[in-house]
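So the chains spell out like this:
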Amino acid sequence: MIANYHDTIAGIATAPGEAGVSIIRLSGESALEVAEKLFRSKKGTSVAELKNRLLTYGWVVKEEKTIDEALLCVMRGPHSFTAEDVVEIHCHGGSFLTRSILELALAHGARLATPGEFTQRAFLNGRIDLTQAEATNDLIQAKSTLGLEMVVNQLKGKLYQKIMDFKEQISWVLALVNAGIDFPEEDVVFSHLEEIKSKLSHVAVELKQLIHSADTGIMVREGYKVVLVGEPNVGKSSIMNALLGEARAIVTKIPGTTRDTIEESCIIEGIPISLTDTAGIRETDDFVEKEGINRSFSAMTKADLILWVIDMESPTFTMALPEEVTERKVPVLLVTNKSDLVEAVELTLPTAIQNYPKIAISAKKEQEIDRLKQKIFQFISGKVGALAEDTMLTNLRQKQASEAALLALQEATQALEDGMGEEFLTVDLTQTLHALGDIVGETTPDDMLNRIFSQFCIGK
Ligand SMILES: Nc1nc2c(ncn2[C@@H]2O[C@H](COP(=O)(O)OP(=O)(O)OP(=O)(O)O)[C@@H](O)[C@H]2O)c(=O)[nH]1
Ligand SMILES: [Mg+2]
């Protein structure tokens, strides 16, 4: 994809399906030429003469036959999204029509854009860094207001600036160390020791904070995973429905109703939640149910919070959490359900689960559902404390590159403290710079870049 990025690409920028308007986007050296062949402005002005960023009314033509009425916009590089010449054709939104116009553009010399290729070009042409490119995609997929705010900060280049600031400080130290190698008689490193130490420790502290922010960033971007588990018939599906405010999962009085995991999204206090209902856990010979129960356990291992549902009217305690979950210390909230059927809401619980926080509700009567939501939010709010900061890491890739940078930086600091030679310091500092470059995409290998952009939607 990177090798031939000077050709002209075309893609449908709007969502597939019927719509009022669709947009076909062209980008590359011959974008205007391709547009010239398929568009006739009402006034007869050629595409090459059209002013930048103005919509021009006209018709899309195929072999001089009009196939649509359209508006065309020219954005000449470098002042465009990709920094190349870009043309947008705003046509009517029929899916056949939109595809026909795209095919026309391809017939006139454009190549079909791969997913994310427009953004990839913006990145390759230096208009945005990798974190901004990722933010562009995240913006499209944002699930909540909070997620949007976070991504907009990244889109504005706040993370990029922070990383660039780190790089500047490390480069300054590296320059001194190199000077020390070139002029050994002056002992440059020793005479700047305090300043060097303070710069390295400052960057290390800030990097640690950033790494710490990643869990929150990823959670806000992807959603906080809440999983409903428990024995059959305790009311898991009823709680799922009450939290969603719709009858999404099947509820019956027959134990073993839910066979497969069901995942849905909802928002609690601005945080996107991914809610999973699971098959009730019990010993069974039924092959299908067994498979469902395996899935229940697998959902538990991915949970950020487990809602362990217990039937207050006839409590049984044969279920146990898998080791993986207890080892990972996944928070558990005991939800004692069917409070409408019992007089006293106090339950005698086995010692193993006694200390988990609990809440009594009635899913059927929709009692205490708001309080359950608040409780869920309390679990999350410990994590979203870091949201006050405006710069966060938002995906695993950024987190891993930051961890690599921190590790190399810690090694540099250690080398300095151990009085190792400048050559050792140079290696560690260069590695730190390399890992920092990875975060913003400066040193990211091509195959990794291709993988990142291929996850984008087509036309972006
Ligand atoms: N009285 C009362 N009945 C409830 C309550 N919650 C659920 N039920 C009833 O309990 C039965 C089982 O509810 P479900 O939501 O299907 O239970 P489940 O845990 O999803 O069951 P499985 O899918 O079989 O594991 C149904 O008859 C519900 O109407 C409640 O709060 N009060
Ligand atoms: Mg169920």
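Residue numbers restart at each chain and count upward from 1, following the sequence in its written direction. Each chain gets a letter, beginning with A, and each ligand a number, beginning with 1, in the order they are written. Local features are withheld for residues below a pLDDT of 70 in this predicted model, meaning they are given only at 70 or higher, and side-chain atom pairs are given and counted only at 80 or more; totals for whole chains, interfaces and linings count all residues. For side-chain calculations, the full set of non-hydrogen atoms in the structure is used, while hydrogens and water are omitted.

In the annotation of an unreviewed UniProt entry, the protein is listed under the name tRNA modification GTPase MnmE and assigned to SAR324 cluster bacterium. UniProt positions are given in the numbering used here, feature names are shortened, and annotations may be inferred rather than shown by experiment. Regarding the protein, the relevant UniProt record gives this comment under Subunit (unreviewed entry): "Homodimer. Heterotetramer of two MnmE and two MnmG subunits." Taken from UniProt, the Sequence similarities (unreviewed entry) comment for the protein reads in full: "Belongs to the TRAFAC class TrmE-Era-EngA-EngB-Septin-like GTPase superfamily. TrmE GTPase family."

Q: Give a description of the sheet that holds strand E12 (residues 332-337) that names residues and reports values.
A: Two strands qualify as a pair provided that DSSP identifies no fewer than 2 bridges between them. Comment: elements are numbered from the N terminus, with helices defined as DSSP H or I runs of at least four residues and strands as E runs of at least two. Strand order in the open sheet made by the six strands is E9-E10-E8-E11-E12-E13, with mixed pairing throughout. Only two strands of the sheet have a single partner each, and these edge strands are strand E9 (262-268) and strand E13 (358-360). Along the sheet, successive strands turn relative to each other by an average axial angle of 25°, direction set aside. Pairing of strand E11 (residues 305-311) with E12, which is carried by six bridges, proceeds in the parallel orientation. Bridging from a neighbouring strand, isoleucine 306 pairs with valine 332 of E12. By the convention used here, residues are in contact when the closest approach between their heavy atoms is within 4.5 Å. Here the axes come from fitting lines to C-alpha atoms, over the contacting stretch only for helices, and the angles between their N-to-C directions go from 0 to 180 degrees. Strand contacts of helix H9 (residues 236-244): strand E8 (224-230), E9, strand E10 (271-277), E11 and E12, with the helix running at about 155° to E10, the strand carrying the most contacts.

Q: Lay out the coordination of the magnesium ion (ligand 2) in plain terms, naming residues and giving numbers.
A: Ideal geometry at a metal centre gives angles of 109.5 degrees when four donors are arranged tetrahedrally and 90 or 180 degrees when six donors are arranged octahedrally. For the magnesium ion (ligand 2), every protein donor is listed as Ser237 (OG) and Thr258 (OG1), and the spread of their distances is 2.0 to 2.1 Å. Of the two residues, serine 237 is situated in helix H9 and threonine 258 in the loop between H9 and E9; the sequence distance between them amounts to 21 residues. Comparing serine 237 with threonine 258, the two get one shared label, buried. Donors, by definition, are the N, O and S atoms found within 2.8 Å of a metal, the threshold being 3.2 Å for Na, K and Ca, and water is not counted, so a site can look incomplete. Buried, partly exposed and exposed residues are distinguished by accessible area as a fraction of the type maximum, computed with a 1.4 Å probe on protein chains only: under 20%, between the cut-offs, and over 50%, respectively.

Q: Account for the sheet that holds strand E7 (residues 111-112), with residues named and values stated.
A: If you walk across this open sheet you meet the seven strands as E3-E4-E5-E6-E2-E1-E7, and the pairing is mixed. Two strands close off the open sheet at either side, each with one partner strand: strand E3 (39-41) and E7. As paired strands, strand E4 (residues 55-62) and strand E5 (residues 65-75) are joined by eight bridges and run antiparallel to one another. Across the sheet, residue valine 60 finds its bridge partner in E5, namely aspartate 68. Helix-sheet contacts for helix H3 (residues 117-124) involve strand E1 (9-12), strand E2 (19-27) and E7, and the interaxial angle to E1 is about 135°.

Q: Pulling in residues and values, what's your account of the site of ligand 1?
A: Ligand 1 sits among 23 residues. The nearest are Lys236, Ser238, Gly256, Thr257 and Thr258. At 2.8 Å, a side-chain N or O of threonine 258 approaches an oxygen atom of ligand 1. Here a polar contact is taken to be a pair of N or O atoms separated by no more than 3.5 Å, where protein atoms must pair a possible hydrogen donor with a possible acceptor and residues adjacent in sequence count only if both atoms sit in side chains. Aspartate 340 is positioned with one of its side-chain polar atoms (N or O) 2.9 Å from a nitrogen atom of ligand 1. Burial of ligand 1 by the surrounding chains reaches 92%, relative to a free accessible area of 650 Å². Here the shell around ligand 1 gets three residues from one element, more than from any other, and that element is H9. Being near a molecule or strand, for a residue, means having at least one of its heavy atoms within 4 Å of it. Using a 1.4 Å probe, accessible areas were evaluated by the Shrake-Rupley method; residue-level cover was limited to the displayed protein chains.

Q: Quick one: what's the story with the nonpolar core, residue by residue and with numbers?
A: To form a nonpolar core, buried Ala, Val, Leu, Ile, Met, Phe, Trp, Tyr and Cys residues must be joined to one another through side-chain atoms within 4.5 Å. Core analysis: the biggest nonpolar cluster contains 34 residues, and Ile239, Leu307, Val335, Leu372 and Ile376 have the highest contact counts within it. Where each domain begins and ends follows an automated or database-derived domain assignment. Counting contributing residues per domain, this core is built from domain 2 (135-219 + 395-441) and domain 3 (223-386), each supplying no fewer than three. Excluding residues within four positions of it along the chain, leucine 307 makes contact with Val226, Val227, Leu228, Val229, Leu243, Leu333, Val335 and Ile376. Grouped together as the second largest cluster of nonpolar side chains are 33 residues, Leu159, Val188, Ala415 and Ile439 included.

Q: Outline the environment of arginine 259, listing residues and values.
A: Along the chain, arginine 259 turns up in the loop between H9 and E9. Note on arginine 259: relative accessible area 35%, which makes it partly exposed. Separated by 223 residues in sequence, arginine 259 and glutamate 36 have C-alpha atoms that sit 57 Å apart. For arginine 259, the contacting residues outside a window of four places in its chain are Ala279, Asp286, Val288, Glu289 and Gly292.

Q: Report on the environment of glutamate 417, specifying residues and quantitative values.
A: If you trace the backbone, glutamate 417 turns up in helix H14 (residues 396-417). For glutamate 417, a relative accessible area of 52% gives the class exposed.

Q: A description of the UniProt feature "binding site: (6S)-5-formyl-5,6,7,8-tetrahydrofolate" (unreviewed entry) in the protein should follow, citing residues and the corresponding values.
A: With numbering matched to this structure, UniProt assigns "binding site: (6S)-5-formyl-5,6,7,8-tetrahydrofolate" (unreviewed entry) to Arg25, Glu88, Arg127 and Lys460. Among the structural elements, arginine 25 can be located in strand E2. Look past the residues within four positions of arginine 25 in its chain and what remains in contact with it is Ile9, Ala10, Gly11, Ala13, Phe81, Val86, Val87, Glu88, Phe118, Gly459 and Lys460. The residue glutamate 88 is located in strand E6 (residues 86-93) in this model. Owing to a relative accessible area of 16%, glutamate 88 belongs among the buried residues under this scheme. With residues near it in sequence (within four places) discarded, glutamate 88 still touches Ile23, Ile24, Arg25, Leu71, Leu72, Cys73 and Met75.

Q: Lay out a nonpolar patch on the surface with the relevant residues and their values.
A: Residues forming no salt bridge and having over 30% relative accessible area are the ones grouped into patches, like charges within 9 Å of each other and nonpolar side chains (Val, Leu, Ile, Met, Phe, Trp, Tyr) within 5 Å. Criterion for a salt bridge: a side-chain nitrogen of Lys or Arg within 4 Å of a carboxyl oxygen of Asp or Glu. Together, Leu139, Leu148, Val152 and Leu155 make up an exposed nonpolar region whose accessible area comes to about 250 Å². Broken down by element, the nonpolar patch gets its largest block of residues, three residues, from helix H5 (residues 145-155).

Q: Please provide a residue-by-residue account of the confidence of the model for the protein, values included.
A: In this model, the protein carries an average pLDDT of 91, and 97% of its residues clear a pLDDT of 70 or more. Scored between 0 and 100, pLDDT is the confidence that the predictor attaches to each residue. Highest mean pLDDT in the protein belongs to helix H1 (residues 31-38) (98); lowest belongs to helix H7 (residues 188-191) (76).

Q: So what's going on with the packing of aromatic side chains? Residues and values would help.
A: What counts as a ring pair is set by centres within 6.5 Å for rings of Phe, Tyr and Trp (its six-membered ring), and what kind of pair is set by the plane angle: stacked under 30 degrees, edge-to-face over 60, tilted for all other angles. Per the stated rule, a full pass over the model turns up four aromatic pairs. The interplanar angle of 40° and the centroid separation of 5.9 Å between the aromatic rings of phenylalanine 123 and phenylalanine 453 together place this pair among those described as tilted. Remark: phenylalanine 453 occurs in helix H16 (residues 446-454) and phenylalanine 123 occurs in helix H3; sequence separation between them is 330 residues. Here the two residues phenylalanine 123 and phenylalanine 453 agree in accessibility, since each one is buried. Aromatic pair phenylalanine 453 and phenylalanine 456: ring centres 5.2 Å apart, planes at 50°, arrangement tilted. A connected cluster of aromatic rings, assembled from ring pairs, spans Phe123, Phe453 and Phe456. Ring-over charges, as used throughout, are those where CZ of Arg or NZ of Lys falls within 6 Å of the ring centre and within 35 degrees of the ring normal. Its end group placed over the ring of phenylalanine 118, arginine 25 keeps NZ or CZ at 4.7 Å from the ring centre. Between the NZ or CZ atom of lysine 199 and the centre of the ring of tryptophan 172, over which it lies, the distance is 4.9 Å.

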